[in-house]
Amino acid sequence: MEQQLETASNSISLSAYWRLVRENRNFRNLWMAQIVSEIGDWFYTLAIYNLLLQLTGRASSVALALVVQVLPQTFMGPFAGVVNDRLSRKRVMITTDLLRALVVLAMLLVRSRSNVWMIYPLLLLESSMWASFEPARTATIPNVTSGEDLLVANTLSSTTWSLNLVAGASIGGVALALLGRNALFVLNTLSFLASAYFLSRMRFRELHAEAAAKIAASYWTAYSSILDGIRYVRHDSRRLALVFIKTGLAQMGVSWVLFTVMGQRVFPLHWPGLDPERGGVLGMSMLLGARGVGAIVGPLFSARWAGSSERRLRLGVLFGFLAVAAGYATLGAAMSLWQACFFVVLAHSGGSTVWVFSTTLLQLNTDDKFRGRVFSAELGLAMVTLAIGSYLTGFVIDRGIAPRTVAIATGLFMLIPACAWALAMRLWKQETAAVDPQPSI
């Protein structure tokens, strides 16, 4: 398989993305669902983080919100994986969209500091639904695309996430300043309903669900299914390494707290007649928007370079980690908002490349009947790192550590996963050489 991929085209043209969307009806609907729901999510994220920082005045309150958002994805991962490998993933996505619409609508009840506590259980419920939705969406992509379109589909999905971040952070910041938080909550509710509509239009066979219907009832126990998934991953050391790649993306958790604080305290936007509070909101939205720009640039250029080569996909992960390290280390020395945005673009172009390439590598090396469990486990492990990064960031900032120092420390820390992946690549090459002594083409 390695040699076949190496001899495939090493270039992905821009026309490939248009062809995929135009000709593949199922992927087009999945893509449209992603667009509308994610734009609403970014509106909603800005509203929540701004509300918490304004009412509590503590960076740790934002960090706690992020921890509450990601921990359900860790603890529910094994159960969500079994559900997605036993039931229709399309139905799982539609059901969770409808439930999330109700949860977000309930955010309108939070009106003052006295009931700000309600945000946390609501975030917990919303994130529990997302923990089932996202692995289902990732596992569905190989079912509705051909092998040659897999990297194209993953790159387009990641680029769309990034564009949605740019649009959501930029437009959302303006909407938050002009319309208020309640309007953003309503818009996010509508986005989930629109997403469920597009998903309902998909028509494709789900062989994993058809096969599961024939399995004896005793096999339906979550315990035995989870053990099967663990054994499947442990059986292949290369697959095990792929599952842990995203745990190296610690800057994901750091960025949500760090950019929120830096935007309001270090890099507020200064315009004539703009009050400091709104300048801080716009500074925060510009840093988050820069994160989205970087996440667009990274996969678009790196996917064109990597093509269908597994070797280049692995090498791209290493380059991505190094770009994250360089971007955050230099962010700490930025002298203006525009410089800060440039370094954020550099860092998150690398981070997004790591995300897309690791997802594609794992899809290529995972059987369909195990994808739900494998991607749930991968996401859950990544969310542990994200939660730790965000909590520690809020903790140290509230204790007087400067945001610039936190940025530099994050850059230096990111050299650790870079070195770990370099070692994994070396072991991968040795194992491949032992199994197939013939030189790769």
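For the structure, see preceding data.
Residues numbered from 1 in each chain as written. Predicted model: local features only at pLDDT ≥ 70, side-chain atom pairs only at ≥ 80, totals over all residues. Heavy atoms only, no water.

> Got a minute to help me understand the overall build of the protein chain in this structure?
Assigned secondary structure in the protein chain consists of 19 helices and zero strands. Taken over 441 residues, the protein chain has a buried fraction of 58%. Residue pairs at least 24 apart in sequence account for 86% of intrachain contacts in the protein chain once pairs closer than 6 positions are excluded. In the structure as shown, the protein chain presents an accessible area of about 18,500 Å², 68% of it carried by carbon and sulfur atoms. (Helix = DSSP H or I, 4+ residues; strand = E, 2+ residues; numbered from the N terminus. Buried < 20%, exposed > 50% of the residue type's maximum accessible area, 1.4 Å probe, protein only. Contact = heavy atoms within 4.5 Å. Areas by Shrake-Rupley, 256 points an atom, 1.4 Å probe, with all protein chains shown as cover.)

> What's the story with helix H7 (residues 119-144) in this structure? I'm lost.
Helical geometry note: an α-helix holds 3.6 residues per turn, so side chains three or four residues apart project in the same direction. Relative to the 38 Å expected for 26 residues at 1.5 Å per residue, H7 spans 36 Å between its end C-alpha atoms, a close match to the ideal helical length. Along H7, 20 of the 26 residues are buried, which leaves the element largely enclosed by surrounding structure. (Expected span 1.5 Å × (residues − 1).)

> Where do I start with the environment of Asn29 in this structure?
By the secondary structure assignment, Asn29 is in helix H3 (residues 25-56). Taking C-alpha positions, Asn29 is 6.4 Å from Met202, a pair spaced 173 residues apart along the chain. Once residues lying within four places of it in the same chain are set aside, the contact partners of Asn29 are Phe198, Arg201 and Met202.

> I keep staring at the nonpolar core and nothing clicks. Help me out?
Within soluble globular proteins, side chains that are nonpolar tend to cluster in buried spots. Residues Ile48, Leu258, Phe321, Leu331 and Trp421 are the most contacted members of the largest nonpolar core, which totals 122 residues. With 16 residues, the single largest contributor to this core is H3. (Core = buried A, V, L, I, M, F, W, Y, C linked by side-chain atoms within 4.5 Å.)

> Explain helix H18 (residues 403-413) to me, please; I cannot follow it from the model alone.
All of the buried residues along H18 are Pro403, Val406, Ala407, Thr410 and Gly411. Around the axis of H18, the buried residues are gathered within 140° of arc, so they sit on the same side. (Arc of directions from axis to C-beta.)

> How should I be thinking about the pattern of salt bridges in this particular structure?
A pair can form between side chains of opposite charge whenever their charged atoms are brought close. One pass over the full model with this rule turns up six salt bridges. Two residues, Arg100 and Asp97, come together in a salt bridge whose shortest N-O distance is 2.8 Å. Here Asp97 and Arg100 lie together in helix H6 (residues 89-105), a separation of three residues that amounts to about one turn. The partner of Glu310 in a salt bridge is Arg314, with the nearest N and O atoms 4.0 Å apart. With a gap of four residues between them, Glu310 and Arg314 both fall in helix H15 (residues 310-331), about one helical turn apart. The exposure class assigned to Glu310 is buried, which follows from its relative accessible area of 2%. In this structure Arg314 comes out as buried when scored by relative accessible area, which is 10%. Linked by salt bridges that have partners in common, Asp97, Arg100 and Glu126 make up one network. (Salt bridge = Lys/Arg side-chain N within 4 Å of Asp/Glu carboxyl O.)

> Please clarify how the packing of helix H13 (residues 251-266) against helix H16 (residues 337-364) should be interpreted in this entry.
Packed helices, taken two at a time, are described by the angle between their axes plus the distance between the axes. With their axes 12 Å apart at the nearest point, H13 and H16 run at an angle of 145° to one another. The element H13 and its partner H16 pack so that their crossing is left-handed. On H16, the residues touching Gln251, Met252, Ser255 and Phe259 of H13 are Val344, His348, Gly351 and Trp355. Split by residue class, the contact of H13 with H16 holds four nonpolar, four polar and no charged. (Axes fitted to C-alpha atoms, helices over the stretch in contact; angles between N-to-C directions. Left-handed = near helix turned anticlockwise from the far one by under 90°. Nonpolar A, V, L, I, M, F, W, Y, C, P; charged D, E, K, R; others polar.)

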